[in-house]
Amino acid sequence: MAAKFVTGRNARADEGSQQPSSRNSWNTIQPDPKRSQPYSTSMTLAFALTAIMTAAVLVAVLGIVWEGQFKAYTRQNMQALANSAAESISTVYQREGSWDDTVLAEAKNTSAMSSDVGIQIIGPDGQVLYDDTWEHTRESAGHADPVSNAPTGTDSAVTAPILGANDTQVGTLRLWAFGSETLLTRADAAFRSNSYGAIAVAAAIAVVLACVIGYFTSKRLSTPIQRITNTARQLRNGDLTARSGVRGSDEIGQLGETFDDMATSLERDLKLEHRLTGDVAHELRTPLMAMQATVEAMQDGVLPADDEHFETVAAEVRRLSRLVDAMLKLSRLENGSTELKTERTDVVYLIRSLVTSQHQLFDEKGLHLRFVDESQYGELNADIDPDLIREAVVNLMSNAMRYTDEDGWVTVTVRQDKSDVLIAVQDTGIGIAKEDIPQTFSRFWRSDVSRERVSGGLGVGLSLTKEIVDKHNGTILVESELGKGTTFTLRIPQNRGRRNLAQAIQEG
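Attention here is on the structure that accompanies the text.

A few words now on helix α3 (residues 186-236). Spanning 51 residues, α3 covers 72 Å between terminal C-alpha atoms, matching the ideal 75 Å at 1.5 Å per step. Positive phi appears at Gly 238, one or two residues downstream of α3, with a value of about 105 degrees.

Our focus in this paragraph is the packing of helix α7 (residues 386-402) against helix α9 (residues 461-471). Where α7 contacts α9, the axes come no closer than 9 Å and their chain directions differ by 145 degrees. As α7 packs across α9, the resulting crossing turns out to be left-handed. Residues Leu 388, Ile 389, Glu 391, Ala 392, Asn 395, Leu 396 and Asn 399 of α7 form the contact with α9, whose own contacting residues are Gly 461, Leu 462, Leu 464, Thr 465 and Ile 468. Taken together, the residues of the contact of α7 with α9 break down into 7 nonpolar, 4 polar and 1 charged.

A few words now on the pairing of strand β2 (residues 117-122). Consecutive side chains along a regular strand alternate between the two faces of the sheet. Counting buried residues in β2 gives 6 out of 6 residues, a clear majority hidden from the surface. Neither face of β2 is exposed, since Val 117, Ile 119 and Ile 121 on one face and Gly 118, Gln 120 and Ile 122 on the opposite face are all buried. Of the strand pairs in this sheet, β2 and strand β5 (residues 169-177) are connected by 6 bridges, and their pairing is antiparallel. Paired with Ile 122 across the bridge in β5 is Thr 172. Relative to strand β3 (residues 128-131), β2 runs antiparallel, the two sharing 3 bridges. Among the inter-strand pairings, Ile 121 is bridged to a residue of β3, identified as Tyr 130. In textbook terms, the turn of a hairpin is the stretch between consecutive antiparallel strands, and for β2 and β3 this stretch comprises 5 residues, one of which, Gly 126, has a positive phi near 90 degrees.

The rules we used
Residues numbered from 1 in each chain as written. Predicted model: local features only at pLDDT ≥ 70, side-chain atom pairs only at ≥ 80, totals over all residues. Heavy atoms only, no water. Helix = DSSP H or I, 4+ residues; strand = E, 2+ residues; numbered from the N terminus. Expected span 1.5 Å × (residues − 1). Axes fitted to C-alpha atoms, helices over the stretch in contact; angles between N-to-C directions. Left-handed = near helix turned anticlockwise from the far one by under 90°. Contact = heavy atoms within 4.5 Å. Nonpolar A, V, L, I, M, F, W, Y, C, P; charged D, E, K, R; others polar. Buried < 20%, exposed > 50% of the residue type's maximum accessible area, 1.4 Å probe, protein only. Pairing = 2+ DSSP bridges.

Listed below in structure tokens is the structure:
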């Protein structure tokens, strides 16, 4: 079954790049850094501090707002009690007609109803007629003057008028709470103390719960972060197979997946770098060894210093020069130092003339080369760099010629698909194994089957072709089947300016 593979910048979105800074620095990582406070401890303390601050704000609000409201409430209750007592005394006074013992006894009875409340009766002339705090009764007044311990402040007591006949005021009743300057009875004070105690207990429970929640939340957050840190440490120490295994739809899960993808890319890139180093050394060593052997043989007199052997050395020099040239061109394309000189070009004419120029070379190899124009009008214009596109197609044609047996066919086709130009190079060669197709565009890569052939290429032609297509914002489709042949299809947008604008809109 035929295998298919697509590569190119438009086949998969590239990650955004950052402009390099002109000022850079680098520092090694301390092998065993000093451990600061653990993340879980910091998170727990943060939750506890939040709970403490919340409780403090609650207490402050209660102290300012609730305390004032509570005092106003107790004062209203005390005022209602004073009005009730004054009304009761007024009724007795109106019946008796004067401040006699019966009226004062009514005041005493009212005072006896609550041991927390004190009563004082003041006559119309300001004389104190009755006071709960007198140390002596009225009968002993002749032996010693009574002493009053009633509060004197206006905020410490409430007053109510005592009315006689015709609702004329005949006296004033003052009411206060024993042991309190704010009209709080013992029951009210106990209620207030219990309220603050309950608030303190609730605050303590909230702090404990916040610490517990903070601990487990921080553990849940810090565990995947610690796994990523440990994995990073393993990668730093050389274990490129280490992965964090962190997955999830939240930010930390995405971080773990991105980190593992980065580690996979790093492992692959380092392996490719090592392989690239070996391949470059091998590719350079082969012509150098051939030149060295030939020159040394001529120096030792084993081989004559004639034109034939000089041509052998010259051929290896040319091969080495082509390899260095290709590597340099590939490097410039990858680094962006090669400027893309796009112009409106008739691709049909460009490829037809290229096939015509290559026809004699294919004929010498015993191969059949043909060009197929599938464009609608025999003309297909596109914004391309004609020199680079010509080089890319030549690389594909050379690759097809190299791995196609004698009497085989190589077909170059040009057609249009919507707003893209498609250039296909199809051969009837040895084909590529399915598992080898993704490596097709790697530098110096050749499959085991192709390596067995005598006519091996430089190994960078397809890499160079991919970079050229990438520069044109295009893609490459590879379809191949072992023993039947391979088809490389270049897909290049006709209007480079419009494609760049569409990509900018999509990325933005």
